[in-house]
Amino acid sequence: MANEKRVISVIVMNESSVLARITSMFAARGYNIESLTVAPIPDSDMSHITIATNGSSKVMEQITKQLHKLIPVYKVIEHEEMVEKEMVLAKFPIAENLADISVLASAYNGGVVNVGKEMIIVMAADEPKRVKHFIEAAQRYNPCEIIRGGVVAIER
Amino acid sequence: MQMSGAQMVCEAIIAEGVKTVFGYPGGAIMHVYDEIYKQDGFEHILNRHEQAAVHAADGYARATGEVGVAMVTSGPGFTNAVTGLATAYMDSIPLVVISGQVPLSLIGTDGFQEIDAVGISRPCTKHNFLVRSIEELPRILKEAFYLARTGRPGPVLVDIPKDITVETGEFKYPESVNIPSYKPTYKGNKKQIVKAVEAIKNAKKPLLYIGGGAVLSDAYKLIREMAEKTKIPVVETLMARGVMGHDHPQLLGMLGMHGNYASNMAMSETDLIISLGARFDDRVTGKLSEFAKYADIIHVDIDPANIAKLVDVQYPIVGDVKQVLEEMLPLLEGVDPDRYQAWREILKRYDELHPQSYIDSDEVIKPQWAIERLGELVGEDAIITSDVGQHQMWAAQHYPFDRPRQWINSGGLGTMGFGFPAAIGAKKAHPEKTVINITGDGSILMNMQELVTAAEYDIPVINVILNNHFLGMVRQWQTFFYEKRYSETDLTFQPNWKALAEACGGIGYDVTTKEEFDAALKDAIKQNKVCFMNVSVNRFENVLPMVPAGGALFNMMLPSPELADSALEDKKGTK
């Protein structure tokens, strides 16, 4: 069975060690986590966890069921039709071509966020695949540091 | 009402109707023990090791179907309890284990006897709690009992920092529980049930495959009714022994690695598996790609994660076995039992071809004989617990179990040392029953300190030690698969069993003949004291049939004189 990349949203009760329950379930059963983001859901006592993972459809079914089995897990959404976004921050030396860097960032839904004496920092926010392209394109400007956020997704 | 956290723990235990708590005190749990001293709502049994305390609570739960309760202190008290938690977790046994923890202010500082109990127990509990304030303690205690016994049951740990047991707060034990994220499914989907019934009506070779879930859901009467109504043959897993009753004509036996020929062949040739509370464990299926190749599967299980985990399922039904059968039985009216006549005859021939058998001896006690003899002498009156190894398999194969909850063993985790403390728990639950722990000379030593517990509290558990001076099951594998290199399995060096039992306040019997066996058992029942019956059995006896690990279920090593007794094979070889 083909391994496919999947994104799962997990709605959990916002209580202590809930994240540990989820990650240790993945570790104990040998499932992979590619990226993970967590944030509280506004005006509720729940949190939204977005997990990017991969596996066959059979593995995905088990992941979903095992997540459901955890007591504080309220809902599991295995995304099919979704809008996916990931953020990335990149730092370049000030001596690089700033106009090019700025155009590059805005081409990927971002822009310059900070300019200092020695460094310029840009951000981009786009689909994970496009974020990968941004990172490739950024290489020619000698980035000092690139930090990716995890994927967040919402069902269309 | 205002009271301390320690009092709240006792009040909750009393409110839940628990009559017996098993445990061991220590620094972090002392305030709770101080309250236990003052109350008379429940009895506390001081086991001599935390692992045994949890197993005893587990045995109590398995014998009654109620939640078992154990209490331990922080640090090593808790880590000793982990094997008990894992044992209960693997077999879905409802337990509430209460552990002390260092005071809140010390958590995370590597304090004396501090260990991250919720972290360690996360993978081997259904759920666990670290109590963070006195206000949430009543709710957590209520939720712990609720979670343990509902849905797919399991052990729940409540870890309570010492300062919270001292603090006082308002106690009102909640009447109900509301966990929005926990809503187990009990009723099966009606449409799925109808489809499953159609499949049963269209099948030619259906097979009822009964697992431990049938015991947990208390469904045995309905299962017997379903079998009798449809005349569909039945196989039981290790955990389901007793559901059908040993003399039921439709029961083929136990299936799996040490299942009998007819059961394993039935599973290999069936065209429709009706799985009720079983989970297709690897010890049952053998090689998965060869497992039940011609069968569609109806899988009834309360835990959706069990369904389609290992095998593809055509008719998944999430629900409680009992409630699903209540729906299903009326729909089975139209099933014609004659339809499966040819199938039953095939299986009957299989059973006649290779019945569950062993070769008895006049010179030495065969372990299978000892178990059959126990069945003859105490039979349905007894509750049988076991440890793990050859004796466990022989007990499952040869004891005439009449009812569920009569057979108590560690199936999923396979915990040596489980049987004796579990027997103590079962005897506390059913003082009127004879409780026998069938064990081996390896397993019994893993919790032999419980002799003292049983003697002190006058809990007359009979330990029948099938003594072959080996770690028998590992030795059997070494014989078959490791060219007889008996690495660290020879237990020739032994304690004086009789003296050991007597030193701890019990009775000991050394048994080498069938006559002595009968006499010892009768005396043990009469004396009504905890005892060791040290029964010397044939040293190289093997458990058969056997499906080698990873092999197909239909490729069984069947009983032959050479395979049954490896010593015979040796004698031949040296000619």
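The rules behind these values
Residues numbered from 1 in each chain as written. Chains lettered and ligands numbered in written order. Predicted model: local features only at pLDDT ≥ 70, side-chain atom pairs only at ≥ 80, totals over all residues. Heavy atoms only, no water. Helix = DSSP H or I, 4+ residues; strand = E, 2+ residues; numbered from the N terminus. Buried < 20%, exposed > 50% of the residue type's maximum accessible area, 1.4 Å probe, protein only. Contact = heavy atoms within 4.5 Å. Areas by Shrake-Rupley, 256 points an atom, 1.4 Å probe, with all protein chains shown as cover. Lys, Arg positive; Asp, Glu negative; His and termini not counted. Charge placed at Lys NZ, Arg CZ, Asp CG, Glu CD. Buried area = accessible area lost by both parts, 1.4 Å probe. Salt bridge = Lys/Arg side-chain N within 4 Å of Asp/Glu carboxyl O. Polar contact = N/O pair within 3.5 Å; in protein donor to acceptor, adjacent residues only side chain to side chain. Nonpolar A, V, L, I, M, F, W, Y, C, P; charged D, E, K, R; others polar. Axes fitted to C-alpha atoms, helices over the stretch in contact; angles between N-to-C directions. Parallel < 35°, antiparallel > 145°, perpendicular 65-115°, else oblique. Left-handed = near helix turned anticlockwise from the far one by under 90°. Phe/Tyr/Trp six-rings, centres within 6.5 Å; stacked < 30°, edge-to-face > 60°. Arc of directions from axis to C-beta. Core = buried A, V, L, I, M, F, W, Y, C linked by side-chain atoms within 4.5 Å. Pairing = 2+ DSSP bridges. Domains from an automatic or database assignment.

K.L.:
How would you sum up the overall build of chain A? Please name residues and give values.
P.N.:
When you go through chain A residue by residue, the secondary structure sums to 4 helices and 8 strands. Counting helices and strands in the order they occur from the N terminus, chain A gives β-α-β-β-α-β-β-α-β-β-α-β. With 156 residues in all, chain A has 42% of them scored as buried. Relative to all contacts within chain A whose residues are 6 or more apart in sequence, the contacts with residues 24 or more apart total 72%. Roughly 8,200 Å² of accessible area belongs to chain A as shown, and the carbon and sulfur atoms make up 53% of that amount. Taking the average place of the 17 positive charges on the side chains of chain A and the average place of its 19 negative ones, the gap between the two points comes to 4 Å.

K.L.:
Before we move on, can you summarise the interface of chain A and chain B with the specific residues and values?
P.N.:
Contact with chain A, which involves 18 residues of that partner, is made by 21 residues of chain B. Where chain A abuts chain B, roughly 1,500 Å² becomes buried across the two surfaces, and 52% of that area is made up of carbon and sulfur atoms. A per-residue breakdown of the area chain A buries against chain B is headed by Arg21, Lys58 and Ile71 of chain A, which together make up 40% of the total. Seen at the junction of chain A and chain B, the total is 2 salt bridges. Our count for the chain A to chain B interface comes out at 8 residue pairs in polar contact (both at pLDDT 80 or more). Contributing elements (two or more residues each) for the side of chain A that touches chain B: helix 1 (18–28), helix 2 (57–69) and strand 4 (73–78) of chain A. Class assignment of the residues belonging to the side of chain A that touches chain B gives a composition of 6 nonpolar, 5 polar and 7 charged.

K.L.:
I'd love a proper account of the packing of helix 1 (residues 5–15) of chain B against helix 6 (residues 137–149) of chain B, names of residues and values included.
P.N.:
Residues and elements named next belong to chain B. Remark: helix 1 packs on helix 6, axes separated minimally by 10 Å, with the N-to-C direction vectors making an angle of 30 degrees. By the angle between their directions, the pair helix 1 and helix 6 is classed as roughly parallel. Once helix 1 is placed against helix 6, the crossing between them reads as right-handed. Between helix 1, through Gly5, Met8, Val9 and Ala12, and helix 6, the contact on the second element is made entirely by Leu137, Pro138 and Leu141.

K.L.:
Can you explain the packing of aromatic side chains? Please cite residues and give values.
P.N.:
Residue and element names in this part refer to chain B. In the structure shown here, the tally under the stated rule is 18 aromatic pairs over all chains. Judged by centre distance (5.7 Å) and plane angle (55 degrees), the rings of Phe470 and Tyr486 are tilted. Separated by 16 residues along the polypeptide, Phe470 in the loop between strand 18 (462–467) and helix 19 (472–481) and Tyr486 in the loop between helix 19 and helix 20 (497–503) bring together distant segments of the chain. Assessed through its relative accessible area of 24%, Tyr486 is described here as partly exposed. Ring geometry for Trp477 and Phe481: centres 5.7 Å apart, planes at 80 degrees, overall edge-to-face. With Trp477 and Phe481 both in helix 19 and 4 residues apart, the pair spans about one turn of that helix. You can call Trp477 partly exposed: its relative accessible area is 23%.

K.L.:
Which residues make up helix 2 (residues 30–38) of chain B, and what are the values?
P.N.:
Residue and element names in this part refer to chain B. If you check which residues of helix 2 are buried, you get Val32, Tyr33, Glu35 and Ile36. Buried positions in helix 2, seen along its axis, are confined to an arc of 160 degrees and lie on one side of it. Away from the buried face of helix 2 by more than 90 degrees, exposed residues Met30, Tyr37 and Lys38 are located. Packing partners of the buried residues in helix 2 comprise strand 1 (2–4), helix 1, strand 2 (20–23), strand 3 (43–46), strand 4 (68–72) and helix 7 (162–166).

K.L.:
With reference to specific residues and values, describe the nonpolar core.
P.N.:
In terms of nonpolar packing, the biggest core is built from 64 residues, with Ile200, Ile223, Met267 and Met328 of chain B touching the most fellow members. Formed by 44 residues, the second largest nonpolar core is a distinct cluster that contains Ala53, Val82, Ala426 and Phe532 of chain B.

K.L.:
Any details on the sheet that holds strand 5 (residues 82–93) of chain A? Residues and values, ideally.
P.N.:
Residues and elements named next belong to chain A. Strand order in the open sheet made by the 4 strands is 6-7-5-8, with antiparallel pairing throughout. The outermost strands of the open sheet, each flanked by one partner alone, are strand 6 (111–115) and strand 8 (145–155). In this sheet, neighbouring strand axes are inclined to one another by 20 degrees on average, regardless of whether the strands run parallel or antiparallel. Across 4 bridges, the pairing between strand 6 and strand 7 (residues 119–126) is antiparallel. Note that in strand 7 the partner of Asn114 across the bridge is Ile121. Those strands touched by helix 3 (residues 98–107) are strand 5, strand 6 and strand 7, and its axis lies near 20 degrees from that of strand 7. Across the sheet, helix 4 (residues 128–138) lies against strand 5, strand 7 and strand 8, angled at about 15 degrees from strand 5, the strand it touches most.

K.L.:
Describe in detail the sheet that holds strand 7 (residues 155–161) of chain B, supporting the description with residues and values.
P.N.:
Residue and element names in this part refer to chain B. The strand order across the open sheet built from 6 strands is 3-2-4-5-7-6, with neighbouring strands paired in parallel fashion. In this open sheet, the two edge strands, each paired with only one partner strand, are strand 3 and strand 6 (127–130). Mean inter-strand twist for the sheet, computed between neighbouring axes without regard to direction, equals 20 degrees. Bridge analysis of strand 2 against strand 4 gives 3 bridges, and the strand direction is parallel. Of the residues in strand 4, the one forming a bridge with Phe22 is Ala70. Running at roughly 170 degrees to strand 4, helix 3 (residues 50–64) makes contact with strand 2, strand 4 and strand 5 (95–101) of the sheet. Contacts between helix 6 and the sheet are confined to strand 4, strand 5, strand 6 and strand 7, with strand 7 contributing the most and set at about 165 degrees to the helix.

K.L.:
Could you give an account of the domain arrangement of chain B, naming the residues involved and the relevant values?
P.N.:
Residues and elements named next belong to chain B. Segmenting chain B into domains produces domain 1 (2–170), domain 2 (190–353) and domain 3 (367–543). Relative placement of domain 2 and domain 3: their C-alpha centres are 31 Å apart. With 16 residues of domain 2 at the contact, the number on the domain 3 side is 18 residues. In total, domain 2 and domain 3 occlude about 1,400 Å² of area from one another, counting both sides; carbon and sulfur atoms represent 62% of this. It is Leu238, Arg241 and His258 that lose the most area in domain 2 upon contact with domain 3, and together they represent 43% of the buried surface on that side. Run the count over domain 2 and domain 3 and you get 0 salt bridges. The interface formed by domain 2 and domain 3 holds 7 residue pairs in polar contact (both at pLDDT 80 or more) in total. Secondary-structure elements contributing two or more residues to the side of domain 2 that touches domain 3 are helix 9 (212–216) and helix 10 (220–230).

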